[in-house]
Amino acid sequence: MRSLLKSLKSGKVLISDGAWGTFLHEKGLKSGECPELWNISNRNAVLEIAKSYVAAGSDMILTNSFGGSPVKLNHYGLEDRAYELNKAAAEISREAAGNSCLVLGSIGPTGKVLMMEEVSESDMYDGFYLQAQALKAGGADAICVETMSAIDEASLAVRAAKKATNLEIICTFTFDKTKAGEYRTMMGVSPAEMVNTVKEAGADVIGTNCGNGFVNMIDIVKEIRNVDAYTPVLVHANAGIPVLVDGVSVFPDTPEFMASHIKELIDCGANIIGGCCGTTPAHIRAMVTEINKISQ
Amino acid sequence: MSELIEQISKCIERGKVDKVSPYPPDMRDQEGADELSARAIEEGLGADEILKACNSGMQNIGDRFGRGEVFVPELLMSARAMNAVMKHLKPFFQSGTVKAKGKFIIGTVAGDLHDIGKNLVSMVVEGNGWEVIDLGVDVKTNKFIETIKQHPDSMVGLSALLTTTMGNMANTVKEIKSLFPQTKVIVGGAPLTREAADQMGADGYARDPQGAVGFLNGMLYS
């Protein structure tokens, strides 16, 4: 069986994939459309994205299932199709990945706040459970619970995914820099708090994604490493903070820029590096080239 | 300020909703915003005075949020405490004893389903004494336009979380401003910067809920 932890054992830094959401929009996904429905209605477009990352040299790719929890699909009236859509997402990425590349089943936040009682704990847990189950059934090698900001939701998602699949679980949070210069999620969680809680919930790999560009990621990895020297760390960085050009949001960080910061990120303790919003196969290819240079 | 008013203000700032609420832990078993405001009305304190207590409590927590000292959960609890007070004040708004400062239409733009930020702004603005018309998430431009037609004296707030919906936000701003040049439009959300807001032609940008309150109140006296 393919194992992310085993792949990391050699000590080689692995490269993940780049953006899916912004890539789907480039392929014609309209805002307001359900991205996960494309796994059925525009299967080829999704497959092309997956393949383009495999071709760029990714050691692992994600799945088009970020918003695939029934709680979130509910907005489109698609909650009853959650299993089908998530399974299809994993099947597509599996098809592109073949045997050598790993597939990480993506699970994003529900957008609902537990403490405001917008959703019950059991509904949220059951939703994540079903999503993880479907991703495994479609061929995912591991589950990536990503872009989390609330500690209670992240813990529920990790626990549900572990229980449902017994696969390796990755969990990443999105941090912002406060005015005082500290990194916190919008719910107030610090990198150190994240590490302790999600490991306890059963995460095998921890990390950070999205956020405000590559350079902040270096600080965040350092903070994680201050409290945890051993757990593998994954970083999925945005291609900078988007700027509006002619009414369209454009991400400023080039493949060269991102590749040039990789060494620093590795030196402070990152084990898996990839992109988030605005990154493309070109960004991934530049990172792969850089990694190969470094490890020579 | 009477002691009761001060206590209400403190409950708002700390997010103490009612007696049974376990939050915040250090105020467990104490009376909350709900009980205290009911008692204040019974004792004949003016609704406007109680509203002022809400304002100062929300202002304090909003400022601390803006400084990055507290985060979304704290602000949400404060907003909840404030809602508990507002329930008691509703009859006074309906009878005209207290008047809202004005109307504020708010919504998350088309294609964007995120409502946490929008809800925070909505609650904080309401707590500051504004009537809020919340259009929800994934709000098409037409919906904003229709609502402005029904409430021509209102100001408008647009929210976006996704980088991919910033373009929709820009279009909505443009259409509103072309049809209603006098209507003030303020934008906010994670991917936004003041520069992006300026480029869209918005009248204001708020990086946090208190920023939106500041903008609205500023327009009132300008």
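Definitions and cut-offs
Residues numbered from 1 in each chain as written. Chains lettered and ligands numbered in written order. Predicted model: local features only at pLDDT ≥ 70, side-chain atom pairs only at ≥ 80, totals over all residues. Helix = DSSP H or I, 4+ residues; strand = E, 2+ residues; numbered from the N terminus. Buried ≥ 20, exposed ≤ 12 C-beta atoms within 10 Å, placed from the backbone. Contact = placed C-beta atoms within 7 Å. Rg over C-alpha atoms; globule rule 2.2 N^0.38 Å. Domains from an automatic or database assignment. Pairing = 2+ DSSP bridges. Axes fitted to C-alpha atoms, helices over the stretch in contact; angles between N-to-C directions. Expected span 1.5 Å × (residues − 1).

## A few points about the overall build of chain B
Along its length, chain B carries nine helices and five strands. Put simply, chain B runs from its N terminus to its C terminus through helices and strands in the order α-α-α-α-β-α-β-α-β-α-β-α-β-α. Taking all 222 residues of chain B together, the buried fraction comes to 52%. Pairs at least 24 residues apart make up 71% of the contacts formed inside chain B by residues separated by at least 6 positions.

## Focus on the overall build of chain A
Counting its regular elements, chain A contains 13 helices and twelve strands. At 17 Å, chain A has a C-alpha radius of gyration in line with the 19 Å of a compact globule built from 296 residues. Counting only C-alpha atoms, chain A reaches 50 × 45 × 40 Å along its principal axes. Expressed as a percentage of its 296 residues, the buried residues of chain A come to 57%. For chain A, contacts bridging at least 24 residues in sequence account for 79% of all contacts bridging at least 6.

## Describing the environment of A:Thr63
Residue and element names in this part refer to chain A. Relative to the helices and strands, threonine 63 resides in the loop between β2 (60–61) and α5 (70–73). Owing to 32 C-beta atoms within 10 Å, threonine 63 belongs among the buried residues under this scheme. For the pair threonine 63 and alanine 90, spaced 27 residues apart in sequence, the C-alpha to C-alpha distance is 5.7 Å. Residues within four places of threonine 63 in sequence aside, it is in contact with Ala89, Ala90, Ser93, Val103, Gly105, Ser106, Leu135 and Ala140.

## Quick word on the domain arrangement of chain B
Note: interface size is frequently given as the accessible area lost on complex formation between the parts. Residue and element names in this part refer to chain B. When cut into domains, chain B gives domain 1 (3–95) and domain 2 (103–220). Once you take the C-alpha centre of each, domain 1 and domain 2 turn out to be 25 Å apart. Contacts between the two partners involve 14 residues from domain 1 and, on the opposite side, 13 residues from domain 2. Those elements giving two or more residues to the side of domain 1 that touches domain 2 turn out to be α3 (47–66) and α4 (72–95). Ranked by residue count, the leading element in the side of domain 1 that touches domain 2 is α3, at eight residues.

## Examining the pairing of strand β12 (residues 272–275) of chain A
Residues and elements named next belong to chain A. Of the two faces of β12, the one holding Ile272 and Gly274 and the one holding Ile273 and Gly275 are both buried throughout. In the sheet, strand β1 (residues 14–15) pairs with β12 via two bridges, with the strands oriented parallel. Each bridged residue has a counterpart across the sheet, and for leucine 14 the counterpart in β12 is isoleucine 272. Examined bridge by bridge, strand β9 (residues 233–237) and β12 share four bridges and lie parallel to one another. When the sheet's bridge partners are listed, histidine 236 is paired in β12 with glycine 274.

## Examining the sheet that holds strand β2 (residues 131–134) of chain B
Residue and element names in this part refer to chain B. Reading across from one edge, β2-β1-β3-β4-β5 is the order of the five strands in this open sheet, with parallel pairing throughout. Edge strands, defined here as strands with exactly one partner in the open sheet, are β2 and β5 (204–205). Summarising the sheet, strand β4 (residues 185–188) and β5 pair through two bridges and their orientation is parallel. Counterpart to valine 187 in the pairing with β5 is tyrosine 205. Strand contacts of helix α7 (residues 166–179): β3 (155–159) and β4, with the helix running at about 175° to β4, the strand carrying the most contacts.

## A short note on helix α13 (residues 281–295) of chain A
Relative to the 21 Å expected for 15 residues at 1.5 Å per residue, α13(A) spans 21 Å between its end C-alpha atoms, a close match to the ideal helical length. Contact partners of the buried residues in α13(A): β1, α4 (43–56), α11 (255–260), α12 (262–267) and β12 of chain A.

## Focus: the environment of B:Asp203
Within the fold, B:Asp203 resides in the loop between α8 (194–200) and β5. Beyond its immediate stretch of four places on either side in the chain, B:Asp203 contacts B:Lys184, B:Val185 and B:Ile186.

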